[in-house]
Amino acid sequence: MFFRGKNSRHARPRRLPRAAAVGLALALATVTATPSALAGSVAGDADSVPAETYPVGGLSTAVHNMLYSPNAVAGANDWDCEPSPEHPEPVVLVPATLSNMGGNWAALSPMLANAGYCVYSFNYGMNGLSLGRFGGLTDISGSARTMSEFVDRVLAATGAEKVDVVGHSQGGMMPHYYVKRLGGADTVDDFVALAPSNHGTTSAGLLHLRDFIDPFGIIDVLLTRLDLAGLAQQAEGSRFQTALFGDGDTVPGPHYTVIQTRNDKVVTPYTNAFLDAEPGTEVTNILLQDQCPNDPVGHMGLFLDGPALQHVINALGDGPADFRPSCTDYGPRF
């Protein structure tokens, strides 16, 4: 499933079934991608690598950053960075629900910086329950406003006219609000999403069970009062999802790329991640297993998956539409 243009989609986002830190720990027994392997799988042109080379993190770095460096990651947020003619758009990395920039982008941020990109990232949607680490919990429209302010700061610092955006899970869905409702269509060039919670999720059927036992929506009301609206809003059929995508999936301006795994157990069905191309827009939907059938990577593991990261680099570099990644350095199964 690797195509541009008008495409079918199927479901809508959901709550993560477990905290990101727990998921990362469980993956220790299954992940095969090492920092050196990941760096090699998506390395940029040697001539474009800056003098300062950032270490590319693997799973252990992601776990450490998740807990001890939630607000910083190698390669990101150098406010003196000047975009090059080869990479004129700064790249803004948007982390997933229950994650943070330090953990989510331990691999991609240094890879992009080493390839000559100006890289930036931020956290969003945190409240008192986040412990300063677990984001994406609060109202998504508010998170999109946080993103809008951050992008404005990036543009002011770099002098660039536009940014590229790479997001994971909610980080690949929330920017649609920025793009469609807050004027971001004029400032986003490439919008690349890893397993985005577009159109919501059924949580592998759990949300349908919830609707059966809670027909009056009391659970959603409680989540909102606990300042956890960002979880309820990612449910398939939520008012937020209906409003955000009810007038179409895409708008003119950005080029959209969705990278998804058939093994996604968080965004269910996995096809909900894909976008339809509205008139005057460009969409590329990629199912990794169409190219790498043996790739076991799951929803959260995409941030360390070699083929997925190769596709990110290709999309940001306006590479060939028929690009095929090297089927190596697979990410974790979770």
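Here's what I pulled together on the structure shown here. Here the structure is a predicted model, which means the values were calculated and not measured.

### As for the overall build of the protein chain
So, point 1. Assigned secondary structure in the protein chain consists of 12 helices and seven strands.
So, point 2. Per-residue burial over the protein chain gives 60% buried out of 334 residues.
So, point 3. Considering only intrachain contacts with a sequence separation of at least 6, the fraction spanning at least 24 residues in the protein chain is 82%.
So, point 4. Surface accessibility of the protein chain: about 12900 Å² in total, with carbon and sulfur atoms responsible for 56%.

### So, the packing of helix α6 (residues 140-158) against helix α7 (residues 170-181)
So, point 1. At their nearest, the axes of α6 and α7 sit 8 Å apart, and the two run at 80 degrees to each other. Comparing their axes, α7 and α6 come out roughly perpendicular. Side by side, α6 and α7 meet where Ile140, Ser141, Ser143, Ala144, Arg145, Met147, Ser148 and Val151 of the first sit next to Gln170, Met173, Met174, Pro175, Tyr177 and Tyr178 of the second.
So, point 2. Residues that form the contact of α6 with α7 fall into these classes: nine nonpolar, four polar and one charged.

### Re unusual backbone geometry
So, point 1. Look at the link from threonine 268 to proline 269: it is a cis peptide, with omega at -15 degrees.
So, point 2. Structurally, proline 269 is set in the loop between β6 (255-260) and β7 (282-287).
So, point 3. Look at asparagine 77: it is not a glycine, yet its phi comes out positive at around 65 degrees.
So, point 4. Along the chain, the position of asparagine 77 falls in the loop between α3 (59-68) and β2 (91-94).
So, point 5. Its relative accessible area of 23% is what places asparagine 77 among the partly exposed residues.
So, point 6. One non-glycine residue, serine 169, lies in the positive phi region at around 60 degrees.
So, point 7. A relative accessible area of 2% places serine 169 in the buried class.

### Things to note about the pairing of β6
So, point 1. Counting buried positions along β6 gives six out of six residues, so the element sits mostly inside the fold.
So, point 2. Burial along β6 is two-sided: the residues His255, Thr257 and Ile259 and Tyr256, Val258 and Gln260 are all buried.
So, point 3. For strand β5 (residues 188-194) and β6, the ladder comprises five bridges, and the chain directions are parallel. Bridged to phenylalanine 191 within β6 is tyrosine 256.
So, point 4. Pairing of β6 with β7, which is carried by six bridges, proceeds in the parallel orientation. For valine 258, the partnering residue across the bridge sits in β7 and is asparagine 285.

### Structural notes on the pattern of salt bridges
If the charged atoms of two oppositely charged side chains come close together, the side chains can form a pair.
So, point 1. Per the counting criterion, the structure on display carries three salt bridges.
So, point 2. Taking the shortest distance from any N to any O, the salt bridge between aspartate 247 and lysine 180 comes out at 2.8 Å. Pair noted here: aspartate 247 is in the loop between α11 (239-245) and β6 and lysine 180 is in helix α7, with a separation of 67 residues, a long-range link.
So, point 3. Relative accessible area serves as the criterion here: at 14%, lysine 180 is assigned to the buried category.
So, point 4. Between aspartate 290 and arginine 262 there is a salt bridge, with the nearest N and O atoms lying 3.5 Å from each other. With aspartate 290 in the loop between β7 and α12 (306-316) and arginine 262 in the loop between β6 and β7, this residue pair connects regions lying 28 residues apart in the sequence.
So, point 5. On the basis of relative accessible area, aspartate 290 is assigned to the partly exposed category, the value being 33%.
So, point 6. The class of arginine 262 is partly exposed, set by a relative accessible area of 39%.
So, point 7. The network of salt bridges with shared partners includes Lys180, Arg181 and Asp247.

### Focus: the packing of aromatic side chains
How two aromatic rings sit relative to each other is given by the distance of their centres and the angle of their planes.
So, point 1. Overall, the coordinates contain six aromatic pairs when judged by the stated rule.
So, point 2. On the basis of an interplanar angle of 45 degrees and a centroid distance of 4.8 Å, the ring pair of tryptophan 79 and tyrosine 120 is categorised as tilted. With tryptophan 79 in the loop between α3 and β2 and tyrosine 120 in strand β3 (residues 119-121), the pair connects residues that are 41 residues apart, well separated along the chain.
So, point 3. A residue is classified by how much of its surface remains accessible, and tyrosine 120, at 0% relative accessible area, is buried.

### Quick look at a negative patch on the surface
So, point 1. A grouping of Glu52, Asp78, Asp80 and Glu82 is seen on the molecular surface, where their side chains present a negatively charged patch.
So, point 2. Within the element layout of this structure, glutamate 52 appears in the loop between α2 (35-41) and α3.

### So, α12
So, point 1. Across the 11 residues of α12, 11 count as buried, placing the element largely inside the fold.
So, point 2. The complete set of buried residues in α12 reads Gly306, Pro307, Ala308, Leu309, Gln310, His311, Val312, Ile313, Asn314, Ala315 and Leu316.
So, point 3. Directly beyond the C-terminal end of α12, a positive phi value near 50 degrees is found at aspartate 318.

### What to know about the nonpolar core
So, point 1. With 39 residues, the main nonpolar core has Val94, Phe122, Met147, Val163 and Met174 as its most contacted residues.
So, point 2. Broken down by secondary-structure element, the contributors of at least two residues to this core are β2, α6, β4 (163-168), α7, β5, α11, β6 and β7.
So, point 3. Counting residues per element, this core draws most heavily on α6, which supplies seven residues.
So, point 4. If sequence neighbours within four positions are ignored, valine 94 has contacts with Trp105, Phe122, Tyr124, Met147, Val165, Val166, Gly167, His168, Gly171, Met174 and Pro175.
So, point 5. Core analysis: the next-biggest nonpolar cluster, separate from the first, contains 35 residues, Ala107, Leu112, Ala308 and Ile313 among them.

Reading the values: the criteria
Residues numbered from 1 in each chain as written. Predicted model: local features only at pLDDT ≥ 70, side-chain atom pairs only at ≥ 80, totals over all residues. Heavy atoms only, no water. Helix = DSSP H or I, 4+ residues; strand = E, 2+ residues; numbered from the N terminus. Buried < 20%, exposed > 50% of the residue type's maximum accessible area, 1.4 Å probe, protein only. Contact = heavy atoms within 4.5 Å. Areas by Shrake-Rupley, 256 points an atom, 1.4 Å probe, with all protein chains shown as cover. Axes fitted to C-alpha atoms, helices over the stretch in contact; angles between N-to-C directions. Parallel < 35°, antiparallel > 145°, perpendicular 65-115°, else oblique. Nonpolar A, V, L, I, M, F, W, Y, C, P; charged D, E, K, R; others polar. Pairing = 2+ DSSP bridges. Salt bridge = Lys/Arg side-chain N within 4 Å of Asp/Glu carboxyl O. Phe/Tyr/Trp six-rings, centres within 6.5 Å; stacked < 30°, edge-to-face > 60°. Patch = residues over 30% accessible without salt bridge, like charges linked within 9 Å, V, L, I, M, F, W, Y side chains within 5 Å. Lys, Arg positive; Asp, Glu negative; His and termini not counted. Charge placed at Lys NZ, Arg CZ, Asp CG, Glu CD. Core = buried A, V, L, I, M, F, W, Y, C linked by side-chain atoms within 4.5 Å.

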